[in-house]
Amino acid sequence: MSLQGKTLLITAGPTYEKIDPVRFIGNFSTGKMGYAIAEACAESGAFVKLVSGPTNLNISHKNIERIDVMSGEEMYQACASIHAHCDISIFCAAVADYTPKHPSATKTKRQNDELTIELVKNKDISAELGKVKKAHQVHVGFALETNDELPNAQGKLERKNLDYIILNSLQDKNAGFGFDTNKVTIISKKQVSPLPLMSKKEVAKEIVKLLF
Ligand code: CTP
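This one's a predicted model, so the numbers in the text were calculated from it and none came from an experiment. (Residues numbered from 1 in each chain as written. Predicted model: local features only at pLDDT ≥ 70, side-chain atom pairs only at ≥ 80, totals over all residues. Heavy atoms only, no water.)

Participant: What am I meant to see in the overall build of the protein here?
Facilitator: Looking only at helices and strands, the protein has five helices and 14 strands in total. Rg of the C-alpha trace for the protein: 17 Å, near the compact-globule value of 17 Å for 212 residues, within the 12% margin. C-alpha atoms of the protein, sized along the principal axes, occupy 60 × 35 × 30 Å. Scored against the burial criterion, the 212 residues of the protein give a buried share of 46%. For the protein, restricting intrachain contacts to residue pairs at least 6 apart in sequence, the fraction spanning at least 24 positions comes to 60%. As presented, the protein carries roughly 11600 Å² of accessible surface, and 50% of it is formed by carbon and sulfur atoms. (Helix = DSSP H or I, 4+ residues; strand = E, 2+ residues; numbered from the N terminus. Rg over C-alpha atoms; globule rule 2.2 N^0.38 Å. Buried < 20%, exposed > 50% of the residue type's maximum accessible area, 1.4 Å probe, protein only. Contact = heavy atoms within 4.5 Å. Areas by Shrake-Rupley, 256 points an atom, 1.4 Å probe, with all protein chains shown as cover.)

Participant: What should I look at first to understand the environment of proline 21 in this one?
Facilitator: Following the sequence through the fold, proline 21 ends up in the loop between β2 (17-20) and β3 (23-25). Overall, proline 21 belongs to the partly exposed group, its relative accessible area being 45%. A sequence separation of 86 residues divides proline 21 from lysine 107, and the C-alpha atoms of the two residues are 6.0 Å apart. Beyond its immediate stretch of four places on either side in the chain, proline 21 contacts Ser104, Ala105, Thr106 and Lys107.

Participant: What exactly am I supposed to notice about the site of the ligand here?
Facilitator: Near the ligand you find 14 residues, and of these Phe91, Ala93, Phe142, Lys156 and Lys160 are the closest. Contact distances for the ligand include 3.0 Å between a nitrogen atom and a backbone N or O atom of isoleucine 125. Take leucine 144: an N or O atom from its main chain is 3.4 Å from an oxygen atom of the ligand. Given that more than half its atoms are within 2 Å of the pocket grid, the ligand belongs to the largest pocket. Of all the elements in the fold, those that place two or more residues in the shell around the ligand are α3 (125-131) and β9 (138-145). (Near = heavy atom within 4 Å. Polar contact = N/O pair within 3.5 Å; in protein donor to acceptor, adjacent residues only side chain to side chain. 1 Å grid on protein atoms, 1.4 Å probe; cavity = no way out; pocket = protein on both sides within 12 Å on 5 of 7 lines; lining within 4 Å. Sits in = over half its atoms within 2 Å of the grid points.)

Participant: Honestly, the sheet that holds strand β6 (residues 88-91) in this entry has me stumped. Any pointers?
Facilitator: Two modes of strand pairing occur in sheets, parallel and antiparallel, and in both the strands are linked by backbone hydrogen bonds. Strand order in the open sheet made by the eight strands is β5-β4-β1-β6-β9-β10-β12-β13, with mixed pairing throughout. Either end of the sheet is taken by a strand with one partner, and the two such strands are β5 (64-68) and β13 (192-194). Taken over all neighbouring pairs, the strand axes of this sheet differ in orientation by 15° on average, direction set aside. Here strand β1 (residues 7-12) pairs with β6 via four bridges, running parallel. When the bridges of β6 are listed, threonine 11 appears paired with phenylalanine 91. Each of β1, β4 (47-52) and β5 touches helix α2 (residues 72-82); the most contacted strand, β4, lies at about 160° to it. (Pairing = 2+ DSSP bridges. Axes fitted to C-alpha atoms, helices over the stretch in contact; angles between N-to-C directions.)

Participant: Explain the nonpolar core here, please?
Facilitator: Burial of nonpolar side chains together is a common tendency in soluble globular proteins. Membership of the largest hydrophobic core comes to 32 residues, with the highest contact counts inside it found for Leu8, Ile10, Ile37, Cys41, Val48, Leu50 and Ile90. Of all elements in the fold, only β1, α1 (32-43), β4, β6, β9, β12 (184-187) and α5 (200-211) reach the threshold of two or more residues within this core. Among residues more than four places away in sequence, those in contact with isoleucine 90 are Leu8, Leu9, Ile10, Thr11, Ile37, Cys41, Val140, Phe142, Ile207 and Leu211. In terms of nonpolar packing, the next biggest core, distinct from the first, is built from 20 residues, Leu9, Leu162, Ile165 and Leu167 among them. (Core = buried A, V, L, I, M, F, W, Y, C linked by side-chain atoms within 4.5 Å.)

Participant: Could you clarify how one ought to interpret the packing of aromatic side chains in this entry?
Facilitator: A ring pair, where both rings are aromatic, is described by two values, the distance of the centres and the angle of the planes. A complete count under the given rule lists one aromatic pair for this structure. Summarising the aromatic geometry, the rings of tyrosine 16 and phenylalanine 24 are spaced 3.7 Å apart at their centres and angled 10° between planes, so their arrangement reads as stacked. A relative accessible area of 23% places tyrosine 16 in the partly exposed class. Classification of phenylalanine 24 as partly exposed rests on a relative accessible area of 42%. (Phe/Tyr/Trp six-rings, centres within 6.5 Å; stacked < 30°, edge-to-face > 60°.)

Here you go:
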(Lines give C-alpha, C1' and ligand atoms only; values in the text may rest on other atoms or scores of the structure.)
Protein backbone atom coordinates (compact mmCIF):
# COMPACT_ATOMS: atom_id res chain seq x y z
CA MET A 1 0.00 0.00 0.00
CA SER A 2 2.85 2.35 -0.77
CA LEU A 3 0.98 4.98 -2.81
CA GLN A 4 -1.42 5.47 0.09
CA GLY A 5 -2.63 9.06 0.31
CA LYS A 6 -1.41 10.00 -3.20
CA THR A 7 -3.73 11.32 -5.90
CA LEU A 8 -2.91 10.37 -9.48
CA LEU A 9 -4.00 11.63 -12.87
CA ILE A 10 -3.78 8.97 -15.57
CA THR A 11 -4.69 9.50 -19.23
CA ALA A 12 -5.52 6.42 -21.30
CA GLY A 13 -6.84 5.24 -24.63
CA PRO A 14 -7.13 6.99 -27.98
CA THR A 15 -8.89 10.23 -28.78
CA TYR A 16 -11.52 10.58 -31.50
CA GLU A 17 -11.41 13.79 -33.53
CA LYS A 18 -14.72 14.47 -35.24
CA ILE A 19 -14.82 15.03 -39.01
CA ASP A 20 -18.63 15.14 -39.08
CA PRO A 21 -21.43 13.59 -36.95
CA VAL A 22 -20.63 10.05 -38.15
CA ARG A 23 -16.87 10.03 -38.78
CA PHE A 24 -13.71 10.64 -36.82
CA ILE A 25 -9.93 10.43 -36.95
CA GLY A 26 -8.67 7.96 -34.34
CA ASN A 27 -5.86 5.50 -33.69
CA PHE A 28 -5.31 1.88 -32.66
CA SER A 29 -4.78 2.47 -28.93
CA THR A 30 -6.96 0.14 -26.82
CA GLY A 31 -6.25 1.76 -23.44
CA LYS A 32 -4.97 -1.53 -21.94
CA MET A 33 -1.66 -0.10 -20.68
CA GLY A 34 -3.26 2.96 -19.04
CA TYR A 35 -6.01 0.90 -17.41
CA ALA A 36 -3.44 -1.61 -16.09
CA ILE A 37 -1.49 1.28 -14.54
CA ALA A 38 -4.66 2.76 -13.04
CA GLU A 39 -5.47 -0.60 -11.43
CA ALA A 40 -1.93 -1.14 -10.13
CA CYS A 41 -1.85 2.36 -8.60
CA ALA A 42 -5.27 1.90 -6.98
CA GLU A 43 -4.18 -1.50 -5.61
CA SER A 44 -1.23 0.18 -3.98
CA GLY A 45 -3.48 2.64 -2.17
CA ALA A 46 -3.58 5.69 -4.48
CA PHE A 47 -6.71 7.56 -5.48
CA VAL A 48 -6.80 7.58 -9.29
CA LYS A 49 -8.52 9.96 -11.66
CA LEU A 50 -8.54 8.07 -14.95
CA VAL A 51 -9.21 10.38 -17.90
CA SER A 52 -10.09 7.99 -20.67
CA GLY A 53 -10.69 8.30 -24.38
CA PRO A 54 -13.16 5.84 -26.00
CA THR A 55 -12.27 2.20 -25.12
CA ASN A 56 -14.07 -1.13 -24.74
CA LEU A 57 -12.55 -1.65 -21.31
CA ASN A 58 -14.31 -1.80 -17.96
CA ILE A 59 -12.72 -0.85 -14.71
CA SER A 60 -14.18 -0.83 -11.24
CA HIS A 61 -12.22 -0.12 -8.12
CA LYS A 62 -13.32 2.02 -5.23
CA ASN A 63 -10.18 4.17 -5.61
CA ILE A 64 -10.66 4.85 -9.34
CA GLU A 65 -12.78 7.69 -10.69
CA ARG A 66 -13.17 7.36 -14.45
CA ILE A 67 -13.74 10.51 -16.49
CA ASP A 68 -14.75 9.72 -20.09
CA VAL A 69 -13.78 12.10 -22.86
CA MET A 70 -13.83 11.92 -26.65
CA SER A 71 -11.42 14.40 -28.24
CA GLY A 72 -7.92 15.65 -27.44
CA GLU A 73 -9.36 19.04 -26.51
CA GLU A 74 -11.84 17.43 -24.07
CA MET A 75 -9.01 15.35 -22.60
CA TYR A 76 -6.89 18.49 -22.17
CA GLN A 77 -9.76 20.37 -20.44
CA ALA A 78 -10.44 17.45 -18.07
CA CYS A 79 -6.74 17.07 -17.19
CA ALA A 80 -6.16 20.81 -16.75
CA SER A 81 -8.96 20.99 -14.18
CA ILE A 82 -7.55 18.07 -12.16
CA HIS A 83 -3.78 18.38 -12.49
CA ALA A 84 -3.09 20.92 -9.72
CA HIS A 85 -4.61 18.55 -7.13
CA CYS A 86 -2.55 15.54 -8.24
CA ASP A 87 0.77 14.34 -6.87
CA ILE A 88 1.61 12.20 -9.88
CA SER A 89 0.45 12.39 -13.51
CA ILE A 90 0.93 9.53 -15.97
CA PHE A 91 0.28 10.39 -19.61
CA CYS A 92 -0.53 7.11 -21.26
CA ALA A 93 -3.14 8.26 -23.80
CA ALA A 94 -2.49 8.20 -27.54
CA VAL A 95 -3.79 11.73 -28.10
CA ALA A 96 -4.38 12.64 -31.75
CA ASP A 97 -1.76 15.18 -32.76
CA TYR A 98 -4.13 16.90 -35.21
CA THR A 99 -7.86 17.58 -35.33
CA PRO A 100 -10.13 18.73 -38.20
CA LYS A 101 -10.14 22.53 -38.41
CA HIS A 102 -13.77 22.75 -39.50
CA PRO A 103 -15.73 19.65 -38.41
CA SER A 104 -18.99 19.53 -40.37
CA ALA A 105 -22.31 19.77 -38.51
CA THR A 106 -23.90 17.58 -41.19
CA LYS A 107 -22.77 14.32 -42.80
CA THR A 108 -20.25 14.96 -45.57
CA LYS A 109 -21.67 13.69 -48.89
CA ARG A 110 -19.76 11.56 -51.39
CA GLN A 111 -19.31 14.00 -54.26
CA ASN A 112 -15.87 14.85 -55.56
CA ASP A 113 -13.17 12.30 -56.43
CA GLU A 114 -10.87 13.84 -53.88
CA LEU A 115 -11.52 15.28 -50.47
CA THR A 116 -9.11 17.35 -48.42
CA ILE A 117 -9.61 17.74 -44.68
CA GLU A 118 -7.73 20.61 -43.10
CA LEU A 119 -6.19 19.72 -39.74
CA VAL A 120 -4.85 21.83 -36.90
CA LYS A 121 -2.55 20.82 -34.04
CA ASN A 122 -4.15 19.58 -30.82
CA LYS A 123 -2.74 20.81 -27.53
CA ASP A 124 0.06 18.64 -26.14
CA ILE A 125 -1.42 17.77 -22.75
CA SER A 126 1.78 16.50 -21.17
CA ALA A 127 3.81 19.48 -22.44
CA GLU A 128 1.22 22.07 -21.35
CA LEU A 129 0.92 20.56 -17.86
CA GLY A 130 4.72 20.17 -17.77
CA LYS A 131 4.93 23.97 -17.90
CA VAL A 132 2.92 24.33 -14.67
CA LYS A 133 4.38 21.30 -12.86
CA LYS A 134 5.31 22.07 -9.25
CA ALA A 135 8.45 20.73 -7.53
CA HIS A 136 6.48 18.11 -5.56
CA GLN A 137 4.70 16.78 -8.68
CA VAL A 138 5.99 13.82 -10.69
CA HIS A 139 5.20 13.38 -14.40
CA VAL A 140 5.52 10.15 -16.38
CA GLY A 141 5.05 10.03 -20.15
CA PHE A 142 5.13 7.37 -22.85
CA ALA A 143 6.89 7.46 -26.18
CA LEU A 144 5.79 5.25 -29.02
CA GLU A 145 8.56 5.17 -31.60
CA THR A 146 9.30 3.35 -34.83
CA ASN A 147 12.89 4.61 -35.35
CA ASP A 148 15.66 6.49 -33.50
CA GLU A 149 13.85 5.34 -30.38
CA LEU A 150 16.25 6.40 -27.61
CA PRO A 151 17.10 9.94 -28.83
CA ASN A 152 13.45 10.59 -29.70
CA ALA A 153 12.28 9.47 -26.25
CA GLN A 154 15.02 11.47 -24.49
CA GLY A 155 14.00 14.54 -26.51
CA LYS A 156 10.39 14.14 -25.33
CA LEU A 157 11.54 13.68 -21.70
CA GLU A 158 13.24 17.07 -21.95
CA ARG A 159 10.63 18.94 -24.03
CA LYS A 160 7.66 17.82 -21.93
CA ASN A 161 9.44 18.34 -18.58
CA LEU A 162 8.87 14.69 -17.62
CA ASP A 163 10.57 12.82 -14.78
CA TYR A 164 10.32 9.47 -16.57
CA ILE A 165 9.44 8.39 -20.07
CA ILE A 166 8.42 4.83 -20.90
CA LEU A 167 9.64 3.93 -24.36
CA ASN A 168 7.65 1.51 -26.50
CA SER A 169 9.17 0.45 -29.79
CA LEU A 170 6.86 -0.70 -32.56
CA GLN A 171 9.80 -2.80 -33.79
CA ASP A 172 9.41 -5.14 -30.81
CA LYS A 173 7.21 -8.19 -31.39
CA ASN A 174 4.12 -8.64 -29.15
CA ALA A 175 4.45 -5.12 -27.77
CA GLY A 176 2.33 -2.01 -28.16
CA PHE A 177 -1.21 -1.47 -29.47
CA GLY A 178 -3.68 -4.27 -28.76
CA PHE A 179 -1.26 -6.77 -27.20
CA ASP A 180 -1.55 -7.92 -23.58
CA THR A 181 2.23 -7.83 -23.37
CA ASN A 182 4.65 -4.96 -23.69
CA LYS A 183 8.40 -4.45 -23.90
CA VAL A 184 9.47 -1.09 -22.56
CA THR A 185 12.55 0.87 -21.59
CA ILE A 186 12.24 3.17 -18.58
CA ILE A 187 14.19 6.39 -19.12
CA SER A 188 14.97 9.14 -16.64
CA LYS A 189 17.54 11.94 -16.89
CA LYS A 190 20.03 9.68 -15.11
CA GLN A 191 19.21 6.17 -16.31
CA VAL A 192 18.09 4.02 -19.22
CA SER A 193 16.63 0.69 -18.01
CA PRO A 194 15.39 -1.80 -20.64
CA LEU A 195 12.86 -4.35 -19.30
CA PRO A 196 12.14 -7.77 -20.84
CA LEU A 197 8.84 -8.60 -22.57
CA MET A 198 6.21 -8.88 -19.84
CA SER A 199 2.45 -8.58 -19.39
CA LYS A 200 1.04 -5.05 -19.32
CA LYS A 201 0.02 -5.77 -15.70
CA GLU A 202 3.65 -6.50 -14.82
CA VAL A 203 4.83 -3.38 -16.69
CA ALA A 204 2.27 -1.41 -14.67
CA LYS A 205 3.74 -2.80 -11.43
CA GLU A 206 7.24 -1.77 -12.54
CA ILE A 207 5.97 1.77 -13.18
CA VAL A 208 4.28 1.88 -9.77
CA LYS A 209 7.63 0.92 -8.17
CA LEU A 210 9.19 4.09 -9.67
CA LEU A 211 6.66 6.18 -7.80
CA PHE A 212 7.13 4.87 -4.24
N1 CTP B 1 0.84 13.46 -25.37
C2 CTP B 1 -0.09 14.30 -24.81
N3 CTP B 1 -0.83 15.14 -25.61
C4 CTP B 1 -0.66 15.13 -26.95
C5 CTP B 1 0.29 14.25 -27.54
C6 CTP B 1 1.03 13.42 -26.71
O7 CTP B 1 -0.24 14.33 -23.58
N8 CTP B 1 -1.40 15.94 -27.70
C9 CTP B 1 1.66 12.61 -24.48
C10 CTP B 1 1.40 11.12 -24.62
O11 CTP B 1 0.37 10.71 -23.75
C12 CTP B 1 2.75 10.54 -24.23
C13 CTP B 1 3.74 11.58 -24.72
O14 CTP B 1 3.01 12.79 -24.84
O15 CTP B 1 2.92 10.45 -22.85
C16 CTP B 1 4.40 11.26 -26.05
O17 CTP B 1 3.44 10.96 -27.02
P18 CTP B 1 3.86 10.60 -28.50
O19 CTP B 1 2.64 10.41 -29.32
O20 CTP B 1 4.91 9.51 -28.48
O21 CTP B 1 4.64 11.91 -28.92
P22 CTP B 1 4.26 13.25 -29.61
O23 CTP B 1 4.62 14.35 -28.67
O24 CTP B 1 2.87 13.23 -30.17
O25 CTP B 1 5.35 13.26 -30.77
P26 CTP B 1 5.39 12.51 -32.20
O27 CTP B 1 3.96 12.16 -32.56
O28 CTP B 1 6.00 13.55 -33.07
O29 CTP B 1 6.28 11.32 -32.01
